[in-house]
Amino acid sequence: MEHPNAWSTYTDEQLAELGSFADDYIAFISENKTERECVATAIELARAKGYRSLEEVIESGVQLRPGDGVYASMRGKSLILARIGRRDLTQGVNILGAHVDNPRLDIKQNPLEEKGDLAYLDTHYYGGIKKYQWVTMPLAIHGVVAKKDGSVVRVVVGEDGADPVFVISDLLIHLAADQMEKNAAKVIEGEMLDVIVGHKPLRIEDGSDKKDLVKRQLLSLLEERYGIAEQDLLSAELEVVPAGPARDLGFDRSMILGYGHDDRSCAYPSLRALLALDEAPERTAITLLADKEEIGSVGATGMQSRFFENVMAELMALTGHGDGTLALRRCLVNSDMLSNDVSVGYDPSFASVFEPKNTAYLGHGLSFNKFTGARGKRGSNDADAEYVARVRACMDGHGVNWQTAEIGKVDQGGGGTIAYMLAKYGIRVIDCGVPVLSMHAPWEVCSKADLYEAYRGYQAFLTLV
Ligand code: MN
Ligand code: MN
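Note that the structure is predicted; figures quoted are calculated from it, not measured.

Draft legend 1. Summary view of the overall build of the protein chain. Scanning the protein chain from terminus to terminus reveals 11 helices and 20 strands. Taken over 465 residues, the protein chain has a buried fraction of 52%. Considering only contacts within the protein chain whose residues lie at least 6 apart along the sequence, 76% involve residues at least 24 apart. When the accessible surface of the protein chain is summed, it comes to about 21,300 Å², and 52% of that surface belongs to carbon and sulfur atoms. Averaging the coordinates of the 49 positive side-chain charges in the protein chain and doing the same for the 68 negative ones gives two points 3 Å apart.

So, in structure tokens, the structure goes:
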């Protein structure tokens, strides 16, 4: 079964829309590289469309009406947004779910170290990465430092053209005889991911303490610039990410080279598709932006938490269902969901890991994975055939370019998403997303056509009844 190349199907009008959507996306992922930044910007965009926070709605004492927009955030790292529909919630809702955390290097709680007159910040990597990919490239630091007085200092360094950047060094080839013999997992190991952040020693009076002058100089800079002391790093979340903006890729500008297409190439269209609803949809439409997907969806901000269930219970109460759980359970079991996460795109340079008939191709549209998992579908959500048929009909009915795929050959490996955590409520859910090359690398590749098809596909899905 051939799925056409989406590029060959577009009208001039669609190409213009595709181009402007891609520009918006490039700006979004260049500005928002962490889960906190994505959530903060999503809230800003939602408020501009009239959404109110759950707290504001509860405070107002007024019930939600069809057409109302509401959002709830967990710790500023995960977000649920809803546009209330005309139908009663017990008839089910349409959910677009994606994640906004990306593989990266987290700065340790006791990070600062001076070695050989260089100052380093020690890191602990987050998510699945090939560690050797993170050396000798410009890095930026994004995050927050929480102080004992309750204030939170926001840090972003390395993105503005005038900012300094940071780097992790690699061994020169001339001395790398032993290193080159190692396997790729051992070439750069976790404890070698130390980020160089300074080199200039503190100027001191003769006779005073000469120890750690580079580190002390750096600490005085941090104090001066951010008002933070070394102890404040104990309560910080600082994330080291590739520095600089996402860019058009290729002479024809058909692709995007960017950090964290996994999973913002699905999260951003999921957000935009919801915000594109100006009036009350038939069924309530929901977008979930989850944190911690890359490390197993754990914790209060990950999809395994009760956050989603609790917010849905609030929505039930605010739409006249009181605080009982039966109506909520009916709502969930009648709901439909797309679990929007990137898929692997066919890469001819590594053809041996793919099964060509069941692989997503760049430019061939939104990729549906009936199941994910590894080693005999282990860890997968397997969408039922009847639901796949409904989704097919919906996509075809809206002229969306789409394809189906598995993640590589059977027995080659695999992956998982947030899908199975929602499926346990009885929600019908299928994985779908944008095919990506070099997934989890500092710079990933996606096609503008697939990004656009995700946007179109997610909009189509929100019309499902
Ligand atoms: Mn993902
Ligand atoms: Mn991932």
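Draft legend 2. Summary view of the side chain of Glu 453. Inspection of the secondary structure puts Glu 453 in helix α11 (residues 448-461). We classify Glu 453 as buried; its relative accessible area is 0%. Of the polar contacts made by the side chain of Glu 453, one reaches the side chain of Arg 456; its length is 3.0 Å. In contact with Glu 453, other than residues within four places in its own chain, are Ala 6, Tyr 10, Gly 365, Leu 366, Val 400 and Asn 401.

Draft legend 3. Quick look at the coordination of the manganese ion (ligand 1). Distances from the manganese ion (ligand 1) to its protein donors, namely His 99 (NE2), Asp 262 (OD), Asp 341 (OD) and Asp 341 (OD), fall within the range 2.1 to 2.6 Å. Taken in chain order, the donor set of the manganese ion (ligand 1) reads H-x162-D-x78-D. The metal-metal distance between the manganese ion (ligand 1) and the manganese ion (ligand 2) is 3.3 Å, with Asp 262 coordinating both. Linking His 99 in strand β4 (residues 94-99) with Asp 341 in the loop between β14 (336-340) and β15 (343-344), this pair joins segments that are 242 residues apart in sequence. An identical accessibility class is assigned to His 99 and Asp 341; each is buried.

Draft legend 4. Spatial organisation of helix α7 (residues 307-321). Regarding α7, the residues found buried are Phe 307, Phe 308, Glu 309, Val 311, Met 312, Leu 315, Met 316 and Leu 318. Just downstream of α7 lies Gly 322, where phi reads positive at about 65°.

Draft legend 5. Structural context of the packing of aromatic side chains. Evaluation of the coordinates by the stated rule reveals 10 aromatic pairs. Through a chain of ring-to-ring contacts, three or more aromatic side chains come together here, namely Phe 21, Tyr 25, Phe 28, Tyr 268 and Tyr 455. Seen from the ring of Tyr 455, Arg 272 lies directly overhead, with NZ or CZ sitting 5.5 Å from the centre.

Draft legend 6. Representation of the state of the cysteines within the structure. A full pass over the atoms with the stated rule returns zero disulfides. With no disulfide of its own, Cys 266 lies 6.9 Å from the sulfur of Cys 432, the closest cysteine sulfur. Under the relative-accessibility criterion, Cys 266 is labelled buried at 0%. Its sulfur unpaired, Cys 446 is 9.0 Å from the next cysteine sulfur, which belongs to Cys 266.

Draft legend 7. Main features of the sheet that holds strand β8 (residues 152-157). Strand order in this open sheet of six strands is β8-β7-β10-β5-β6-β9, and the pairing throughout is antiparallel. Both edges of this open sheet fall to β8 and β9 (194-198), since each of them pairs with a single strand only. Averaged over all pairs of adjacent strands, the angle between their axes in this sheet comes to 30°, without regard to strand direction. For strand β7 (residues 139-146) and strand β10 (residues 236-242), the ladder comprises seven bridges, and the chain directions are antiparallel. In the sheet register, Leu 139 faces β10, and the bridge partner there is Pro 242.

Draft legend 8. Here's a closer look at the coordination of the manganese ion (ligand 2). Surrounding the manganese ion (ligand 2) are the protein donor atoms Asp 262 (OD), Glu 294 (OE), Glu 294 (OE) and His 440 (NE2), which sit 2.0 to 2.5 Å from the metal. Of note, the manganese ion (ligand 2) draws all its donor residues from one chain, in the sequence arrangement D-x31-E-x145-H.

Draft legend 9. Focus on the environment of Val 388. Looking at the element boundaries, Val 388 is found in helix α9 (residues 385-397). As for Val 388 and Gln 304, which are separated by 84 residues in sequence, their C-alpha atoms are 24 Å apart.

Draft legend 10. The arrangement of the nonpolar core in detail. In this structure, Leu 81, Leu 338, Phe 368, Met 395 and Tyr 458 are the most contacted members of the largest nonpolar core, which totals 54 residues. Take this core: its biggest share by element is seven residues, from helix α6 (residues 261-275). Setting aside its immediate chain neighbours within four residues, Phe 368 contacts Leu 338, Val 391, Met 395, Trp 402, Gln 403, Thr 404, Ala 405, Ile 430, Asp 431 and Cys 432. Within the second largest apolar cluster, 35 residues are counted, among which are Trp 134, Val 135, Ala 140 and Val 157.

Draft legend 11. Region of interest: the packing of helix α1 (residues 12-31) against α11. At their nearest, the axes of α1 and α11 sit 9 Å apart, and the two run at 95° to each other. Overall, the two elements α1 and α11 adopt an arrangement that is roughly perpendicular. From α1, Gln 14, Glu 17, Leu 18, Phe 21, Ala 22 and Tyr 25 reach across to α11, where they touch Lys 448, Ala 449, Leu 451, Tyr 452, Tyr 455 and Arg 456. Residues that form the contact of α1 with α11 fall into these classes: eight nonpolar, one polar and three charged.

Procedures and definitions
- Residues numbered from 1 in each chain as written.
- Chains lettered and ligands numbered in written order.
- Predicted model: local features only at pLDDT ≥ 70, side-chain atom pairs only at ≥ 80, totals over all residues.
- Heavy atoms only, no water.
- Helix = DSSP H or I, 4+ residues; strand = E, 2+ residues; numbered from the N terminus.
- Buried < 20%, exposed > 50% of the residue type's maximum accessible area, 1.4 Å probe, protein only.
- Contact = heavy atoms within 4.5 Å.
- Areas by Shrake-Rupley, 256 points an atom, 1.4 Å probe, with all protein chains shown as cover.
- Lys, Arg positive; Asp, Glu negative; His and termini not counted.
- Charge placed at Lys NZ, Arg CZ, Asp CG, Glu CD.
- Polar contact = N/O pair within 3.5 Å; in protein donor to acceptor, adjacent residues only side chain to side chain.
- Donors = N, O, S within 2.8 Å, 3.2 Å for Na, K, Ca; no water.
- Phe/Tyr/Trp six-rings, centres within 6.5 Å; stacked < 30°, edge-to-face > 60°.
- Lys NZ or Arg CZ within 6 Å of the ring centre and 35° of its normal.
- Disulfide = S-S within 2.5 Å.
- Pairing = 2+ DSSP bridges.
- Axes fitted to C-alpha atoms, helices over the stretch in contact; angles between N-to-C directions.
- Core = buried A, V, L, I, M, F, W, Y, C linked by side-chain atoms within 4.5 Å.
- Parallel < 35°, antiparallel > 145°, perpendicular 65-115°, else oblique.
- Nonpolar A, V, L, I, M, F, W, Y, C, P; charged D, E, K, R; others polar.

The quantities given are spatial measurements derived from coordinates; they are silent on function.
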